[in-house]
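Chain by chain, the residues:
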Amino acid sequence: MSKLELRGIHQTFPGKKQRVSVLADISLHVKEGEFVSLIGPSGSGKSTLFHIIGGLVNPTSGEVWLDGVNVTGSKGLISYMPQQPALFPWRSIESNVALAQEVAGETRTDALAKAREWLPKVGLGGYEQELPHVLSGGMQQRVSFLRALLSPQELMCLDEPFGSLDALTRQDMQAWLLNIWEQNKHSILFVTHSIEEALFLSDRIYVLSNKPAKIIEELVIPFARPRQESVMLESKFQELRQYIQGLLRQEITYDKSH
Ligand SMILES: Nc1ncnc2c1ncn2[C@@H]1O[C@H](COP(=O)(O)OP(=O)(O)OP(=O)(O)O)[C@@H](O)[C@H]1O
Ligand SMILES: [Mg+2]
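First, a word on scope: everything that follows refers to the structure included in this document. Each chain carries its own residue numbering, running from 1 in the written order of its sequence. Going through the entries in the order they are written, you letter the chains from A and number the ligands from 1. Local features in this predicted model are restricted to residues whose pLDDT is 70 or higher, and side-chain atom pairs enter the listing and the counts only when it is 80 or higher, whereas totals over whole chains, interfaces and linings include all residues. In computing side-chain properties, one takes all heavy atoms of the structure into account and sets aside hydrogens as well as water.

This brings us to the side chain of Ser2. Only DSSP runs of H or I covering at least 4 residues are called helices, and only runs of E covering at least 2 are called strands; the numbering of each starts at the N terminus. On the secondary structure map, Ser2 appears in the segment before strand E1 (4–13). A relative accessible area of 18% means that Ser2 is categorised as buried. Not counting chain neighbours up to four residues away, the residues in contact with Ser2 comprise His29, Val30, Lys31, Asp67 and Gly68. Exposure is judged per residue with a 1.4 Å probe applied to protein chains only, and the accessible area is read against the type maximum: over 50% gives exposed, under 20% gives buried, and values in between give partly exposed. Contacts: residue pairs with any heavy atoms within 4.5 Å of one another.

As C-alpha cells, this is what we get:
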C-alpha cells in the first residue's frame with residue numbers, strides 16, 4: 001500500500017473566456033518512507049497539485065488516497081511547506097515553528113521546547129523570540145521548513161523548500177535534510193526546479209510537462225543510500241541530469257512555439 005496515491009487528477013480554473021486546464025490526468029504515488037521529487041516547468045501546476053493533496057483545492061476530477069483511504073478534499077493530514085513561507089507576522093519565530101505541532105494536539109510547552117531545540121540546527125539560534133519580519137527571505141523559508149518537519153504527519157510535501165537560499169546554504173540544507181530523512185524515513189514529496197537537487201535527494205523523480213501538466217517521465221534514481229555528495233561527480237549522475245534537462249528543454253520549446 002502506498003503512503004500517497006493520486007488517481008487521475010484533473011484541474012481546471014475559470015479563465016477570461018473559457019476554463020483553463022492546469023493538470024491533465026496526474027496519477028502518481030509515494031511509498032512509505034520514499035523520497036519522491038516533482039520537477040517541471042514554471043506554471044505547470046506543481047503548487048496546485050500540492051494544494052489538492054493538502055485539501056485546500058478540490059480537484060475538478062480525480063482522487064487523493066492516503067494510507068489506502070480516499071481523503072480527497074480533507075485538510076490537516078499532511079505536513080506541508082508552501083512555496084511562500086506563510087508565517088504569522090504577530091507570532092514569534094519559535095511560536096510559528098510550534099504552531100503545526102499545537103494544531104496536531106501537542107501541548108504548547110512541548111511544542112515550544114521542540115522548536116527551541118531545533119532552531120539552532122537550521123542556523124536560527126538566537127532568533128527564537130524575534131518576529132518574522134526581522135528575518136531574511138531565506139531565513140523565513142527555513143522557519144517554514146522546520147515547522148513542516150516537526151509536525152507529526154507522516155507525509156511531508158515540500159514546495160521548493162530551498163528556492164531562496166544561496167548556493168552554499170542550499171547545499172548544507174540538502175545534506176541536512178537527507179541526514180534527517182535517512183534517520184526518520186518520513187515519506188516526502190518534493191518540488192524543485194533544480195535537477196541536481198532532485199537527483200541528489202530522491203528515490204524517484206516524476207518529470208512534468210508544461211501546463212496542462214502530464215507526467216512525461218518517471219525515473220528511478222539508482223544511487224546508494226546513505227547518499228554522499230560525491231555522487232554528483234559520477235558519470236551516471238551527469239547522464240541523468242542531461243536526460244532530464246533535455247526533457248524539460250523540449251517542454252519549454254513547445255511552449256514558445258504555441
Ligand atoms: N485559483 C486559481 N485560479 C486560476 N488559476 C490558477 C489558480 N491557481 C493556479 N492557477 C494557475 O495554474 C497554473 C499553475 O500554477 P502553479 O502555481 O500550480 O504552477 P507551478 O508549477 O507551481 O509554478 P512554479 O514552478 O512557478 O511555482 C498557473 O497558470 C496559474 O495561474
Ligand atoms: Mg509553484
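This part takes up helix H1 (residues 46–53). Counting buried residues in H1 gives seven out of eight residues, a clear majority hidden from the surface. Among all positions of H1, only Lys46, Ser47, Thr48, Leu49, Phe50, Ile52 and Ile53 are buried.

A separate point is the site of ligand 1. It suffices for a single heavy atom of a residue to lie within 4 Å of a molecule or strand for the residue to be listed as near it. Taken together, 14 residues sit near ligand 1, with Ser42, Gly43, Lys46, Thr48 and His193 positioned nearest. A 3.5 Å cut-off defines polar contacts: any pair of N or O atoms within that distance qualifies, except that in protein one atom must be a possible hydrogen donor and the other a possible acceptor, and neighbouring residues in sequence count only when both atoms are side-chain atoms. In this structure, Ser42 approaches ligand 1 through a side-chain N or O atom, which is 2.5 Å from an oxygen atom. Surface accessibility follows the Shrake-Rupley procedure with a 1.4 Å probe radius. Residue values consider only the protein chains on display as shielding. Relative to its unbound accessible area of 640 Å², ligand 1 is 62% covered by the protein chains. Residue contributions to the shell around ligand 1 peak at three residues, all from H1. Amino acids outside the nonpolar list (Ala, Val, Leu, Ile, Met, Phe, Trp, Tyr, Cys, Pro) and the charged list (Asp, Glu, Lys, Arg) are all regarded as polar, and Gly is one of them. Of the residues in the shell around ligand 1, the class split is three nonpolar, eight polar and three charged.

With that out of the way, let us pick up the sheet that holds strand E6 (residues 79–81). The strands making up a sheet associate through backbone hydrogen bonding, with each pair oriented either parallel or antiparallel. Following DSSP output, two strands are said to pair if at least two bridges run between them. If you trace the six strands from one edge of the open sheet to the other, you get E6-E7-E8-E3-E9-E10, paired in mixed fashion. The sheet is open, and its two edges are formed by E6 and strand E10 (215–220), each paired on a single side. Averaged over all adjacent pairs, the angle separating strand axes in this sheet is 15°, with direction ignored. As judged from the four bridges shared by strand E3 (residues 35–39) and strand E9 (residues 204–208), these two strands associate in the parallel manner. Pairing of Val36 across the sheet is with Arg204, part of E9. In the packing of helix H4 (residues 137–150) onto the sheet, the strands contacted are E6 and strand E7 (155–159), and the crossing angle to E6 comes to about 170°. Only C-alpha atoms enter the line fits that serve as axes; for helices the fit covers just the stretch in contact. Angles between N-to-C directions range over 0 to 180 degrees.

What describes a pair of aromatic rings is the distance from one ring centre to the other and the angle between the planes of the rings. When two rings of Phe, Tyr or Trp (its six-membered ring) have centres within 6.5 Å they constitute a pair, described as stacked for plane angles under 30 degrees, edge-to-face for angles over 60, and tilted for the intermediate range. Within this structure, the stated rule accounts for nine aromatic pairs. Ring centres 5.5 Å apart and planes at 80° place the aromatic pair Phe35 and Trp181 in the edge-to-face group. Of this pair, Phe35 sits in strand E3 while Trp181 sits in helix H5 (residues 167–184), placing them 146 residues apart in sequence. Residue classification places Phe35 among the buried positions, given a relative accessible area of 0%. Among the aromatic residues, those joined into a ring-pair cluster are Phe35, Trp118, Phe145, Phe162, Trp176, Trp181 and Phe190. We call a charge positioned above a ring when the Lys NZ or Arg CZ atom is no farther than 6 Å from the ring centre and deviates by at most 35 degrees from the ring normal. Sitting above the plane of the Trp65 ring, Arg7 keeps its charged end 4.0 Å from the centroid. Positioned over the ring face of Trp118 is Lys121, at 4.3 Å from the centre of the ring.

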